[in-house]
Amino acid sequence: MNGYGDPSLKVESGGEGKLLSRLDLEEHRQWVLEKKSRALESKLTSIKEAVAKYVGEGSYLVLGGFGHVRSPMAAVYEIIRQGKAGLDVNAHPGCHDIDLLAAAGCIRRVDRAYGGGHEVRGLSPAFRRAVEAGEIEVVEWSNAALAWRFKAAAMGLPFLPCRVMIGTDTFRHSAAKIVSCPFTGVKICLVPACYPDVAFIQVHRCDIYGNAQIDGTTVEDIDIARASRRVVLITEEIVATDRIRDTPWRTTIPHYLVDAVVKIPWGAHPTNMPYLYYFDEEHIAEWLRMAKTVEGAQDYLGKYVRGVGGFNSYLELVGGARKLSYLKRLELYQVPLRTPWAEG
Amino acid sequence: MTEAYTPVEMMAIAAARTLENGRSVLVGTGLPMIAAILAQRIHAPNLLIAFEAGGIGPVLPTLPLSVGDSRTFHRAILAGTMCDVMEAAQSGYLDYGFLGGAQIDPYGNLNSTCIGPHAKPKVSLPGSGGGNDVGSLCWRTIIIMSHEKRRFVDRVDFITTPGYLDGPGSREAAGLPRGSGPYRVITDLAVLGFEENSKRMMLLSTYPGVTVEQVMQNTGFELKVSAKVGAVEPPTREQLRLLREEVDPTGIFVKRKR
């Protein structure tokens, strides 16, 4: 005894939120045994095929990055184009990515740490509208809780103990449980592991097998790749495997976790791809302006998503080479930032 | 002779002053970013700044727009993971946590999730983000909010982030780390703290030109008032210059009244 109290594991209380993702350890191991290739084999494909193959009706989806940093927007656009619906989405956080998915009616439920805002730019018009209309069901979490849910799954475990959400309505609307710890007797929060059906992760470079490097913060992406059944990488650049082998400590996602590799330079536009391009504030401002109404949001999707053939036509539409060069210089602090949404 | 300044500028500078040199801070989005960068430039060059997406110890040449963007790890000590930062907080490495919110109650509980019922809210807000984590795990939470009656309420619609919950001892009883909790509330009128015994919010000092009555009128609950309400020093010319010219030159966060 260490003065903490009764050392036995007791569930004290449980959140009322639904558990949206899978939680079957043996089923997951079996999936990994049968469906995940260990071989170095090319996984090159197109975003159209990857989305068609791996995003099903009602899939549990997670998008890598940080909501509007290194967000796999090319995947978001393709999911919308293919009219995927009834998705459960992990907003760990979600910002620009899930705002568009909400506008397109793709989302049924969210596990949310942060969803419904564009940080300093204000609230997400479309996501907010859908939640206020009761069209999207929200299960609440915190950022750390969701990060640890991925970590638990990455470890092949059913849950992790942690010290967040305790005592709050965030806990009450989650699917976590409070127990007294069998070692110390302290009350501790258990967050269930999150095993997503499919993850899309934007990376700086990878080889054709999916051995990937991310520059800058990896946020939760290493654990997300390990936790998800299907992993689709969208890469700025394809490199030779020798380059991966030159610095193996730089590999953030190894190939055996990866199911598909899609090369789309600028694929995170209009979000920030660290060291390559900064936010396209002009474009985000256009979305925020158009999305103020249901019709406007649909016009935006018509113009920039549904009505666009491929990613290159999209890049032309948002400003072409001139715009891209500006975003690159912006990222490298060579030109001053302009924020049209702040100018009223 | 002092220069004219806005209440929001005073708020940013007052928030910056609460941070100590040689300590660490987990910084949320918005004004907290301004305050942390200002502190680093004014009096706390050895302030360790951490952002929840994994950026630790950056040299911030310009203001980030997101707590995850590339600015948050520009020439940083570490560009890591969210777990790196949250686990540092859970282990006790992060001294201060900086937060905002839509509503706050007398015990410093914060709402950033919804106004109205959760199932069909009148206003749907973005949720906890890292807010709950900061308020649960950092030693001292500093809250930055605009001081309005509709925001300073007796009961928040939804407790997103824990303050002192129901009062003395309730954080510890619930299982939150011992000795953590809300420390200061910095508004556009005043600096507030929490009374030792009751854990209720208490007015500590007001900004130049602001009266105690004015603070009370803008608070929607019974506010404790320190026996000796202090006067916050106005910003110096140099502090204003740093804020306007270096930290937020385009006025993204600290809007200039025109």
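Structure first, text after, so check above.
Residues numbered from 1 in each chain as written. Chains lettered and ligands numbered in written order. Predicted model: local features only at pLDDT ≥ 70, side-chain atom pairs only at ≥ 80, totals over all residues.

A few points about the interface of chain B and chain A
Heads up, the condition is: This entry defines residue contacts through backbone-placed C-beta atoms, with two residues in contact when those atoms are within 7 Å. Numbering goes from the N terminus for both helices and strands, where a helix is a DSSP run of H or I of at least four residues and a strand is a run of E of at least two. Any residue outside Ala, Val, Leu, Ile, Met, Phe, Trp, Tyr, Cys, Pro, Asp, Glu, Lys and Arg is labelled polar, Gly included; the first ten of those are nonpolar and the last four are charged.
Counting residues at the interface gives 51 residues for chain B, matched by 52 residues for chain A. Elements that contribute at least two residues to the side of chain B that touches chain A include exactly α3 (82-90), α4 (131-137) and α5 (170-174) of chain B. Its residues assigned to classes, the side of chain B that touches chain A comprises 22 nonpolar, 24 polar and five charged.

Quick look at the nonpolar core
Stated formally: Note on terminology: a nonpolar core is a set of buried residues of type Ala, Val, Leu, Ile, Met, Phe, Trp, Tyr or Cys, with members joined through C-beta atoms within 7 Å. Partly exposed residues are those falling between the two cut-offs: more than 12 but fewer than 20 other C-beta atoms within 10 Å of their own, whereas 20 or more means buried and 12 or fewer means exposed, with C-beta atoms placed from the backbone.
Residues A:L233 and B:A12 are the most contacted members of the largest nonpolar core, which totals 192 residues. Not counting residues up to four positions away in its chain, the partners in contact with A:L233 are A:I201, A:V203, A:C206, A:G210, A:A212, A:I253, A:V258, A:V261 and A:V262.

Some details on the sheet that holds strand β1 (residues 10-14) of chain A
All names here are of chain A. We apply this condition: Criterion used throughout: strands pair if DSSP finds at least two bridges between them. Helix axes are fitted only over the stretch in contact, all axes being lines through C-alpha atoms; the angle between N-to-C directions runs from 0 to 180 degrees.
The four strands are arranged β1-β7-β8-β6 in an open sheet whose pairing can be described as antiparallel. The strands lining the two open edges of the sheet, one partner per strand, are β1 and β6 (159-162). Between one strand axis and the next, the sheet turns through 35 degrees on average, direction left out of account. Across four bridges, β1 lies against strand β7 (residues 177-180) in antiparallel orientation. Residue pairing across strands places V11 opposite V179, the latter belonging to β7.

Observations concerning α3(B)
All names here are of chain B. A large share of α3 lies buried, amounting to seven of its nine residues. For α3, the set of buried residues is M82, C83, D84, V85, M86, A89 and Q90. Two residues or fewer past α3, G92 is found with a positive phi of approximately 100 degrees.

Quick word on unusual backbone geometry
Peptide bonds are mostly trans, and most non-glycine residues show a negative phi. Residues and elements named next belong to chain A. Note the cis peptide between H269 and P270, where omega equals 5 degrees. Along the chain, P270 falls in the loop between β13 (260-263) and α10 (281-290). Its identity is not glycine, yet M165 carries a phi of approximately 70 degrees, on the positive side. For M165, a count of 30 C-beta atoms within 10 Å corresponds to the buried category. Even without a glycine there, the phi angle at Y275 is positive, about 70 degrees. Structurally, the position occupied by Y275 is in the loop between β13 and α10.

Some points on the sheet that holds strand β2 (residues 60-63) of chain A
Residue and element names in this part refer to chain A. The strand order across the open sheet formed by seven strands is β5-β4-β3-β2-β9-β12-β13, and the pairing between neighbours is parallel. The sheet terminates laterally at β5 (137-140) and β13, the two strands that pair on one side only. For this sheet, the mean inter-axis angle between neighbouring strands, taken without regard to orientation, is 20 degrees. As paired strands, strand β12 (residues 230-235) and β13 are joined by four bridges and run parallel to one another. Directly across from L233, in β13, lies its bridge partner V261. This element, helix α2 (residues 47-54), spans β9 (198-203), β12 and β13 of the sheet and lies at about 165 degrees to β12. Packing of helix α3 (residues 73-81) onto the sheet brings it into contact with β2, β9 and β12, and relative to β12 it is tilted by some 120 degrees.

Focus on the pairing of β2(A)
All names here are of chain A. Where we set the bar: Place the viewer so that the strands point away; then a crossover is right-handed whenever the path from the first strand over the helix to the second strand goes clockwise.
By the alternation rule, side chains of β2 split into Y60 and V62 and L61 and L63, which are all buried. Of the strand pairs in this sheet, β2 and strand β3 (residues 87-91) are connected by three bridges, and their pairing is parallel. Looking at β3, one finds that V62 is bridged to N90. Between the parallel pair β2 and β3, the chain is carried across by α3, and the sense of this crossover is right-handed. The sheet contact formed by β2 and β9 spans three bridges and is parallel. Each residue of the ladder has a partner; that of L63, found in β9, is F200.

Some points on helix α4 (residues 96-103) of chain A
Residue and element names in this part refer to chain A. The element α4 is largely enclosed, with a buried count of eight among its eight residues. What α4 keeps buried is the set H96, D97, I98, D99, L100, L101, A102 and A103. Of the residues trailing α4, G105 is marked for its positive phi of about 75 degrees.

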